[in-house]
Amino acid sequence: MPRTLILAALLATAFPAAAADPVLPQAEAYTTPDSWRQPVAPVRIADHTWHIGTADLTALLVVTDDGAILIDGGLPQAADMLLSNMQQLGVAPDDLKLMLSTQAHGDHVGPFAAVKRATGARVLASAESAWLLAHGGSDDIHFGDRILYPPVQTDRIVRDREVVELGGMQLTAHSMPGHTPGSTAWTWTDTRDGQPVRIAYVDSLTAPGYQLRDNPRYPRLAEDFARTFDVVRALPCDVLITPHPDFSGWDFADTKNPHPQPKSCKAYADAAEKALDLE
C-alpha cells in the first residue's frame with residue numbers, strides 16, 4: 001500500500017469523521033461523559049466568535065481578517081472534529097494562526113498537538129501551563145498521571161495582562177491561578193447586532209478533590225483562589241463563557257436557545273467562593 005494511503009488509514013483510525021459517529025470515541029486512558037464527546041454544530045457567540053467544540057466542552061474560534069485563533073479544544077479525540085468545524089466556517093487549516101488555552105488539563109487541550117501539526121498554528125500559554133503541555137499532563141499537582149494527552153510545545157509564554165493581537169482583534173490574558181497554577185481568563189471585545197460586546201472566557205473555579213489547605217505541592221492554593229475570585233469579578237464581562245459551558249449557563253446542544261441562563265462574572269465568582277468555603 002502506498003505510504004500516503006497508509007497515513008490516511010492511520011489518521012482515519014485515530015480521528016474518525018464526526019459525521020460517521022454521533023459520539024466521539026471513548027479514550028482508553030480515562031473515561032468521560034458522552035456529552036463531553038458529543039459533536040454539535042458550530043454556535044455563533046458574536047460576529048467573529050464561535051463555539052466549535054462538543055456539547056459540554058467549550059472550544060472557541062475567533063475569526064479575523066488575518067486568520068483565526070482557537071481557544072481550548074476539548075479532549076484528544078476531538079481534533080478531526082475541530083478541523084471539520086473550522087472548515088464549515090470557512091477557516092482552512094493554514095488559516096489558524098494561534099492556539100490559546102484557559103488551562104492545561106487533557107479535557108481542554110487534549111487535541112492541541114494534533115491540531116498544531118495539521119495547521120502550523122503557534123501555541124501561546126502561561127509558563128505554568130506550558131510546562132504541563134510539554135509533559136502531556138503528567139505529574140499534575142492534583143491528578144498525577146491520570147489525565148494524559150499528547151504533549152505539545154508552547155511557542156510563546158503569555159504573561160498576566162498581556163495582549164495577544166491578530167487581525168485587529170485584541171485578547172487580554174488574565175492570570176487566575178486556582179483550578180490549575182496556570183489558569184487563565186481571556187477577554188476581548190467583539191460585536192453583535194451592531195453593538196460592541198465584551199466577552200470573558202473564564203477558566204473553571206472548581207477544586208475537584210483538591211487539598212486546599214497545607215497542600216505540599218501547592219502551599220498557597222487557598223490564597224490564590226481568593227485572589228482569583230476578585231480578578232474574575234473585575235473582568236469586562238457582557239458575555240461570560242466557561243470551559244464547561246453549563247457553569248456559565250450555556251447549552252451548546254440547543255441550537256434555538258444556546259444560552260438559556262446567562263451568568264455574570266461576579267455571580268460566577270460569588271457562587272464558586274461560597275462553594276469552596278475558604279474561611
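Residues numbered from 1 in each chain as written. Predicted model: local features only at pLDDT ≥ 70, side-chain atom pairs only at ≥ 80, totals over all residues. Heavy atoms only, no water.

**Student:** How should the sheet that holds strand β12 (residues 239–241) be read in this particular structure?
**Tutor:** Each strand in a sheet pairs with another by means of backbone hydrogen bonds, the pair being arranged parallel or else antiparallel. Read from one edge to the other, the open sheet built from five strands follows the order β8-β9-β10-β11-β12, with strand pairing classed as mixed. Pairing within the sheet leaves two strands with one partner each, and these edge strands are β8 (163–166) and β12. Across the sheet, the mean angle separating the axes of adjacent strands is 25° when strand polarity is ignored. Pairing of strand β11 (residues 195–201) with β12, which is carried by three bridges, proceeds in the parallel orientation. Across the sheet, the residue bridging to A200 is L240, located in β12. (Pairing = 2+ DSSP bridges. Helix = DSSP H or I, 4+ residues; strand = E, 2+ residues; numbered from the N terminus. Axes fitted to C-alpha atoms, helices over the stretch in contact; angles between N-to-C directions.)

**Student:** What am I meant to see in helix α5 (residues 127–134) here?
**Tutor:** Within α5, burial applies to S129, A130, L132 and L133. Taken around the axis of α5, the buried residues stretch over an arc of 165°, which confines them to a single face. Taken together, the buried residues of α5 touch α3 (106–109), β6 (122–125) and β7 (156–157). Count one or two residues on from α5 and you reach G136, which has phi positive near 60°. (Buried < 20%, exposed > 50% of the residue type's maximum accessible area, 1.4 Å probe, protein only. Arc of directions from axis to C-beta. Contact = heavy atoms within 4.5 Å.)

**Student:** What is the right way to read the pairing of β11 from this model?
**Tutor:** Residues in a regular strand point their side chains to alternate faces of the sheet. Note: strand β10 (residues 184–192) against β11, seven bridges, orientation antiparallel. Note that in β11 the partner of T187 across the bridge is A200. Hairpin connection from β10 to β11: two residues lie between these consecutive antiparallel strands, with D193 at a positive phi of about 55°. Taken together, β11, helix α6 (residues 221–233) and β12 form a β-α-β motif whose crossover is right-handed. (Right-handed = clockwise from strand over helix to strand, strands pointing away.)

**Student:** So what exactly am I meant to see when it comes to the state of the cysteines here?
**Tutor:** Cysteine pairs can be covalently joined through their sulfur atoms, and such a bond is termed a disulfide. Considering all chains together, one arrives at one disulfide under this definition. Between the sulfur atoms of C237 and its disulfide mate C265 the distance is 2.2 Å. Every disulfide takes its handedness from the sign of the S-S torsion; for C237 and C265 that torsion is 85°, giving right-handed. Of the two residues, C237 is situated in the loop between α6 and β12 and C265 in helix α7 (residues 265–276); the sequence distance between them amounts to 28 residues. (Disulfide = S-S within 2.5 Å.)

**Student:** I'm lost on the packing of helix α2 (residues 79–88) against helix α4 (residues 112–119) in this one. Help?
**Tutor:** The description of two packed helices rests on the angle between their axes and on the distance between the axes. Between α2 and α4, the least distance of the axes is 9 Å, while the angle of their chain directions is 45°. As judged from the angle between their axes, α2 and α4 are oblique. Between α2 and α4 the crossing geometry is right-handed. Residue-level inspection shows A79, L82, L83 and M86 of α2 in contact with α4, the latter providing A114, V115, A118 and T119. Among the residues making up the contact of α2 with α4, the classes are represented as seven nonpolar, one polar and no charged. (Parallel < 35°, antiparallel > 145°, perpendicular 65-115°, else oblique. Left-handed = near helix turned anticlockwise from the far one by under 90°. Nonpolar A, V, L, I, M, F, W, Y, C, P; charged D, E, K, R; others polar.)

**Student:** Teacher, can you tell me more about empty space enclosed by the protein here?
**Tutor:** Where empty space is left becomes clear once a probe the size of a water molecule has been rolled over the atoms. A complete count under the given rule lists one cavity of 30 Å³ or more for this structure. When its volume is computed, the largest cavity comes out at roughly 40 Å³. When its residues are assigned to classes, the lining of the largest cavity shows five nonpolar, three polar and one charged. (1 Å grid on protein atoms, 1.4 Å probe; cavity = no way out; pocket = protein on both sides within 12 Å on 5 of 7 lines; lining within 4 Å. Points joined across faces, edges and corners; volume = space filled by probe spheres on them.)

**Student:** Please clarify how the pairing of strand β4 (residues 67–71) should be interpreted in this entry.
**Tutor:** When you tally the buried positions in β4, you get five out of five residues, the bulk of the element. Here strand β3 (residues 60–64) pairs with β4 via five bridges, running antiparallel. Of the residues in β4, the one forming a bridge with V63 is A68. Between β3 and β4, which pair antiparallel one after the other, the connecting turn spans two residues. Taken together, the four bridges between β4 and strand β5 (residues 96–100) define a ladder with parallel strand orientation. Bridge pairing links I69 to L98 in β5. The parallel pair β4 and β5 is bridged by α2, and the resulting crossover is right-handed.

**Student:** Please clarify how the environment of R192 should be interpreted in this entry.
**Tutor:** Turning to its location among the elements, R192 is positioned in strand β10. Residue classification places R192 among the partly exposed positions, given a relative accessible area of 35%. Spatially, the C-alpha atom of R192 lies 37 Å from that of E223, the residues being 31 residues apart in sequence. If we skip the residues at most four places from it in the chain, R192 touches I45, A46, D47, V197 and V239. At 3.0 Å, the side chain of R192 and the backbone oxygen of I45 are in polar contact. (Polar contact = N/O pair within 3.5 Å; in protein donor to acceptor, adjacent residues only side chain to side chain.)

**Student:** Would you take a moment to explain the side chain of T49 for this structure?
**Tutor:** Along the chain, T49 turns up in strand β2 (residues 49–51). For T49, a relative accessible area of 0% translates into the label buried. A distance of 3.1 Å separates polar atoms of two side chains, one belonging to T49 and the other to W188. Among all residues touching T49, those that are not within four sequence positions of it are V43, R44, L61, V62, W188, D190 and I199.

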